[in-house]
Amino acid sequence: MTKDVLTESANQLPPTCCETTDEYKKKGSLLVSKMNASMLKKSNLINIIGLDNIEMMKDNHANHVQFISSILKYKNSAVLIETIIWVFRTYRSHGFSIEYWSVQLNEWINILKEELSQNSFDEILPYYKWMLLNIPSFVLLSEQNT
């Protein structure tokens, strides 16, 4: 899949209302804390993030919430795609496996369902499903020379 096709699909993601973006951002620290705790319990964590990458994983989770907050507020498909490609390339070069993204995105969905209002969850879920669905494309694009 090309960046243009990804951009077209990202442009179809629905906008979120102010209450949703505010709730996501306001609960950001809680979401990150729950995400870190959940991931640290995984018996295969070292297999999916590599050796000595726990702090890098935690940084990624904190950065993820900040980034998604800005994407929800100021939707920009090109920035979304370029950033995700960069994250895949960078984290994989540090030993993170491809499996990490499906594991963590599914875990984000579980945590968001627990912690957000139903309306906010319903508005944000399409973004996480879109990221999950497009993992193979992000992998391929991150392997291409820039």
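As the structure is a prediction and not an experimental result, all values here were calculated from the model.

As for the packing of aromatic side chains
Consideration 1: In the structure shown here, the tally under the stated rule is six aromatic pairs.
Consideration 2: Taken together, a centroid distance of 5.7 Å and an interplanar angle of 45° make the contact between F88 and F138 tilted. Taken together, the positions of F88 in helix α6 (residues 77–93) and F138 in helix α9 (residues 135–143) put the pair 50 residues apart, joining distant regions of the chain.
Consideration 3: According to the relative accessible area criterion, F88 is buried, its value standing at 3%.
Consideration 4: Taking relative accessible area as the criterion, F138 reaches 1% and is therefore assigned buried.
Consideration 5: Plain terms: the ring middles of F96 and Y100 are 4.9 Å apart, the flat faces sit at 75° to each other, and that makes the pair edge-to-face.
Consideration 6: Since its relative accessible area comes to 3%, F96 is described here as buried.

Brief notes about unusual backbone geometry
Glycine aside, residues mostly have negative phi angles, and peptide bonds mostly take the trans form.
Consideration 1: Backbone geometry places D52, a non-glycine residue, at a positive phi of 60°.
Consideration 2: Looking at where D52 falls in the secondary structure, it is placed in the loop between α4 (45–49) and α5 (54–73).

Observations concerning helix α8 (residues 118–133)
Consideration 1: For α8, spanning 16 residues, the distance from its first C-alpha to its last is 22 Å, which sits close to the expected 22 Å at 1.5 Å a residue.
Consideration 2: In α8, a bend of some 35° at I124 exceeds every other bend along the element, and P126, a proline, comes one to four places later.
Consideration 3: Looking only at α8, the buried set comprises S120, F121, E123, I124, L125, Y127, Y128, W130 and M131.
Consideration 4: Of the surrounding elements, those touching the buried residues of α8 are α1 (3–11), α2 (18–26), α5, α6, α7 (99–115) and α9.

The rules behind each value
- Residues numbered from 1 in each chain as written.
- Predicted model: local features only at pLDDT ≥ 70, side-chain atom pairs only at ≥ 80, totals over all residues.
- Heavy atoms only, no water.
- Phe/Tyr/Trp six-rings, centres within 6.5 Å; stacked < 30°, edge-to-face > 60°.
- Helix = DSSP H or I, 4+ residues; strand = E, 2+ residues; numbered from the N terminus.
- Buried < 20%, exposed > 50% of the residue type's maximum accessible area, 1.4 Å probe, protein only.
- Expected span 1.5 Å × (residues − 1).
- Bend = angle between axes of the 7 residues up to and from the residue.
- Contact = heavy atoms within 4.5 Å.

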